[in-house]
Amino acid sequence: MPHGLESLIASGTKLWLDSVDPDLVLENRAAGATGATSNPVIISDLIKTGRFDDRIASLVATGLDDDAIAWSLADDLVKNAQKVFLGVWEQSGGNDGWVSFELDPLLEDPANGLSDDARVARYVELGKRWSAGACNRMIKVPATPAGIRALEPLAAAGIPLNVTLIFTLRQYEQARDSLWKGALQRGSLDLFKSVYSVFVSRIDVYAEKHLPALSPEARGVLAIANAKRAWAANRDFWRSHPTPLEQEIVFASTGVKQPGVDPCLYVAALAGDDIQTNPPATNKAADDPTRTFTRQVDRMPPADLLAEIDAKVDMHRLEDVLMAEGVEKFVAPQQALLALIASRRGRA
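Keep in mind the model is a prediction, meaning the values are calculated, not measured.

Criteria and cut-off values
Residues numbered from 1 in each chain as written. Predicted model: local features only at pLDDT ≥ 70, side-chain atom pairs only at ≥ 80, totals over all residues. Heavy atoms only, no water. Helix = DSSP H or I, 4+ residues; strand = E, 2+ residues; numbered from the N terminus. Buried < 20%, exposed > 50% of the residue type's maximum accessible area, 1.4 Å probe, protein only. Polar contact = N/O pair within 3.5 Å; in protein donor to acceptor, adjacent residues only side chain to side chain. Contact = heavy atoms within 4.5 Å. Lys, Arg positive; Asp, Glu negative; His and termini not counted. Salt bridge = Lys/Arg side-chain N within 4 Å of Asp/Glu carboxyl O. Axes fitted to C-alpha atoms, helices over the stretch in contact; angles between N-to-C directions. Parallel < 35°, antiparallel > 145°, perpendicular 65-115°, else oblique. Left-handed = near helix turned anticlockwise from the far one by under 90°. Nonpolar A, V, L, I, M, F, W, Y, C, P; charged D, E, K, R; others polar. Pairing = 2+ DSSP bridges. Phe/Tyr/Trp six-rings, centres within 6.5 Å; stacked < 30°, edge-to-face > 60°. Lys NZ or Arg CZ within 6 Å of the ring centre and 35° of its normal. Core = buried A, V, L, I, M, F, W, Y, C linked by side-chain atoms within 4.5 Å.

To continue, consider the side chain of Glu108. With respect to the element layout, Glu108 can be found in the loop between strand S3 (99-102) and helix H6 (116-131). Among the residues examined, Glu108 registers a relative accessible area of 13% and is labelled buried. A distance of 2.7 Å separates polar atoms of two side chains, one belonging to Glu108 and the other to Thr144. The contact partners of Glu108, leaving out residues within four places of it in the chain, are Arg119, Tyr123, Pro142, Thr144, Ala146, Gly147 and Val327.

So this is what it looks like as C-alpha cells:
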C-alpha cells in the first residue's frame, strides 16, 4: 500500500510544487511532482538568497534596467523548471507538466493610477509576450476585475491560463465564464488548457480574525468547504462542456498558517482529484511514510456546518478583504525585488 506523497498521487491528485527553486524542482520531481508554480513572493525570496548575484551582474552589464532584470530572472527560473517537467507535458499530451509564470503584480498597485481598461490591455500584451514559444508554460493572471476581463482575449489567443487569487465561488465562475468565452473563439479546443487556483489557508486566517460568531466547528471547515464547492462546480461545468484536455482546480495556499495545526490538514482534506500546488515544507511533511492519503475531495463537511457557514459568512466581504490583502502580498514583494536588484547593481 502506498504511503506519503505516493499515496496522495495514487488517490488521484496531481502534485505541483509551489516554487521554482532549481534544487527543489529536481527534488520534488523525483518525489512525484508533475508541475510547478511561481509568483512574486517566490521569485523575490529566491533572489534574496544571493545565489543569483552573478546572473544579476551579467544582466546589469547588458544595460538592462531593474524591471527588465527582474523579469529576465523570473523567465530564467521558470524556463529551468519547464525543462524539468517537459517530459511530463509531452507524455500527457499537454494535460500536465505545466509551470506557471505570473504577470506583473504592479499592474494592480493602486498607486500606479491605471484604469481597468489599461490594466486589461497590459495583461493581454504581457500574456502574449511571456507565453511566446513556451510550450509548457501557463500564464498566471489574478482574479481581479481587470484580470478576469483579460481572460477572454488571452484564451482566444490560445494561451494556457492559470487564474490565481480565487477566494470565492463567484470569482471562480466569473473567471471560468470569461475564459470559456474566449476559448470558443479559437479554431480548435484541442490544446485548450486552463486551471483555477483556489486559495485555501488564507480563508481560515480570515475566519479567525473576522468571524467570531462562527462556531469553532464551522470555522474549522470553512476553507475546506469553500474549496470543495469550487471543485464540485468546476467538475459539473466541464462535464457538460467537455474538452480534450482537463480544465482543473488548483488547490493553492495549502500550507497551514495557524500554530499547532496538522501541516497536512488541507492536503488530506482535498486529496483525490485535480491539482495541489504545495509549498516545499508541506510536501516534505506529506511525504512522511506514516501518512496515507485517500480520496476526500468529494466528501463535504456535515450539512449543519455548511448551513451555519451559509447563514453567517458574508462571502462578498471575505472576497473584498482577501483580494485587497492578496494584491498587497504580491505588490510588496515585487517592489522589494526591484529594490534588491538596485542594491545588487551597486556591487556589479
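Once you've had a look at it, read on.
With respect to the secondary-structure elements, Lys228 resides in helix H10 (residues 216-240). This buried residue, Lys228, is left without a salt bridge; Asp298 holds the nearest opposite charge, at 6.8 Å. Within the structure, the side chain of Lys228 is placed 3.3 Å from the backbone oxygen of Ala269, a separation counted as a polar contact. When sequence neighbours within four positions are dropped, the list of residues in contact with Lys228 reads Ala269, Leu270, Gln296, Val297, Arg299 and Met300.

Packing of helix H4 (residues 53-61) against helix H5 (residues 66-91) brings their axes to within 10 Å, and their N-to-C directions diverge by 130°. Viewed along their axes, H4 and H5 adopt a mutual orientation that is oblique. Our pair here, H4 against H5, has a crossing hand that is right-handed. Of the residues in H5, those in contact with Arg55, Ile56, Leu59 and Val60 of H4 are Ile69, Ser72, Leu73 and Asp76. Taken together, the residues of the contact of H4 with H5 break down into five nonpolar, one polar and two charged.

Another point: the pairing of S3. Side chains Val99 and Phe101 of S3 all project onto a buried face; the interleaved residues Ser100 and Glu102 project onto the opposite face, where all are buried too. Two strands pair when backbone bridges link them, and S3 and strand S4 (residues 137-142) are joined in this way by four bridges, in the parallel orientation. Its bridge partner being in S4, Phe101 is matched across the sheet by Ile139.

Bringing the packing of aromatic side chains into the picture now. Throughout the structure, instances matching the rule amount to 11 aromatic pairs. Plain terms: the ring middles of Trp180 and Trp238 are 5.2 Å apart, the flat faces sit at 90° to each other, and that makes the pair edge-to-face. Residue Trp180 is found in helix H8 (residues 169-183), and its partner Trp238 is found in helix H10; the two are separated by 58 residues along the sequence. There is no split in this pair, since Trp180 and Trp238 are both buried. Looking at Arg176, its charged tip hangs above the ring of Phe237, at a distance of 4.0 Å from the centre.

With 109 residues, the main nonpolar core has Val20, Leu161 and Tyr196 as its most contacted residues. With 12 residues, the single largest contributor to this core is H10. Discounting residues that sit within four places of it in the chain, Tyr196 has contacts with Val163, Ile166, Tyr172, Ala175, Arg176, Leu179, Asn234, Trp238, Glu248, Ile249 and Val250.

According to the stated counting rule, one finds 22 salt bridges in the structure shown. Close ionic contact of Arg137 with Asp75 constitutes a salt bridge, the shortest N to O distance being 2.6 Å. Of this pair, Arg137 sits in strand S4 while Asp75 sits in helix H5; the two residues are 62 residues apart in sequence, bridging distant segments of the chain. A relative accessible area of 2% means that Arg137 is categorised as buried. One salt bridge connects Asp116 with Arg119, and the closest N-O pair in it is separated by 3.5 Å. Linking Asp116 with Arg119, this pair stays in helix H6, spanning three residues, or about one helical turn. Relative accessible area serves as the criterion here: at 9%, Arg119 is assigned to the buried category.

If you check the backbone angles, Ser253 has positive phi at about 55° while not being a glycine. Its location among the elements puts Ser253 in the loop between strand S7 (248-252) and helix H11 (265-269). Residue class for Ser253 comes out buried when judged on its relative accessible area of 13%. Not every positive phi belongs to a glycine, and Asp274 is a case in point at roughly 55°. Note that Asp274 resides in the loop between H11 and strand S8 (275-278).

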